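A look at the structure
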Amino acid sequence: ERDWYCGSEDHTLAVMRGPITFTMGSPQDEPDRTPVEWLHRRTIPRSYAIATREVTVEQFLRCFAKHPYQKNYAPEPGCPMIEVSWLDAVKYCRWLSEKVGIPDDQMCYPPLEEIGPRMKLPPDLLERTGYRLPTAAEWEYAARAGTTARWHCGDSDIELDAVAWFNKNSGNRTHPVGQKQPNAWGLFDMAGNVFEWTADAYSA
């Protein structure tokens, strides 16, 4: 009944209630947009949950203790983990699923030793209950939090300063997650700090 719950390894997840239809993309005159970000209506036919904060260095290293990264860009345990490949992110999702005992028929990804460029994913992956990366549509819907501006806080750098670490205020490094204001749905760092992986490429 709640719109949030506590997951494994100190993660809090917010629940997005489906089915969801929203306007995905950005207008052609928006600065820094990429050509694939055309405006279109998108439907997400399911409910899903998404972490309220980025995965931290401390959380990620519990899974991959020897993972290399440049500590000067993420100098504190609470900073978001950096230098993570898409496959690394998938492995972390599988590891989280194993930690909480997700049944095999609900796992979204193969066992850790089988995860690689040629792995086969289940056709019903998006309906399973294991941890997985959000789709591009799921991520954008959560990040926008019902808004249509450039960022969920508005269109100017002045407004962005309150919610994000970026090139004008970060000091060329990441910062511990959750320090800036969250969006309207309680999600932190949905702009700035680090790029985030999604399950798929941006598409209509």
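The notes below deal with the structure included here.

About the criteria used
Residues numbered from 1 in each chain as written. Predicted model: local features only at pLDDT ≥ 70, side-chain atom pairs only at ≥ 80, totals over all residues. Heavy atoms only, no water. Helix = DSSP H or I, 4+ residues; strand = E, 2+ residues; numbered from the N terminus. Expected span 1.5 Å × (residues − 1). Buried < 20%, exposed > 50% of the residue type's maximum accessible area, 1.4 Å probe, protein only. Contact = heavy atoms within 4.5 Å. Pairing = 2+ DSSP bridges. Axes fitted to C-alpha atoms, helices over the stretch in contact; angles between N-to-C directions. Phe/Tyr/Trp six-rings, centres within 6.5 Å; stacked < 30°, edge-to-face > 60°. Lys NZ or Arg CZ within 6 Å of the ring centre and 35° of its normal. Salt bridge = Lys/Arg side-chain N within 4 Å of Asp/Glu carboxyl O.

So, helix α2 (residues 86–99)
Between its first and last C-alpha atoms α2 spans 20 Å; for 14 residues at 1.5 Å apiece the expected length is 20 Å, and the two agree. The complete set of buried residues in α2 reads Asp88, Ala89, Val90, Tyr92, Cys93, Arg94, Trp95, Leu96 and Ser97. Among the structural elements, α1 (57–63) are those in contact with the buried residues of α2.

A closer look at the pairing of strand β5 (residues 48–51)
Here β5 shows one buried face, formed by Tyr48 and Ile50, and one open face, formed by Ala49 and Ala51. Alignment of strand β2 (residues 12–16) against β5, held across four bridges, turns out to be antiparallel. Considered in β5, the bridge of Met16 is made with Tyr48.

Quick word on the sheet that holds strand β1 (residues 4–6)
Pairing is antiparallel across the open sheet formed by three strands, whose spatial order is β1-β2-β5. The sheet terminates laterally at β1 and β5, the two strands that pair on one side only. Each neighbouring strand pair of the sheet contributes to a mean axis angle of 30°, computed without reference to strand direction. Bridge count between β1 and β2: three bridges; the pairing is antiparallel. Bridge pairing in β2 links Cys6 to Thr12. Docked against the sheet, helix α3 (residues 136–144) engages β2 and β5, running at close to 65° with respect to β5.

What to know about the packing of aromatic side chains
This model, assessed by the stated rule, comprises five aromatic pairs. Taken together, the aromatic side chains of Phe60, Phe64, Tyr92 and Trp95 make up a single cluster linked through ring pairs. The ring of Trp4 has Arg2 sitting right over it, with the charged end atom 4.4 Å from the ring centre. Sitting over the ring of Trp165, Lys180 keeps its end group 4.3 Å from the ring centre.

A look at the pattern of salt bridges
All chains considered together, the criterion is met by eleven salt bridges. Notably, a salt bridge pairs Glu98 with Arg94, separated by 2.9 Å at the nearest N-O pair. Within this pair, Glu98 and its partner Arg94 are both found in helix α2, separated by four residues, close to a single helical turn. Judged by relative accessible area, which is 37%, Glu98 ranks as partly exposed. Residue Asp124 pairs with Arg128 through a salt bridge whose shortest N-O separation is 2.9 Å. Bridged by salt links that share partners, the residues Glu9, Asp10, Glu58, Arg62 and Lys99 form one connected network.

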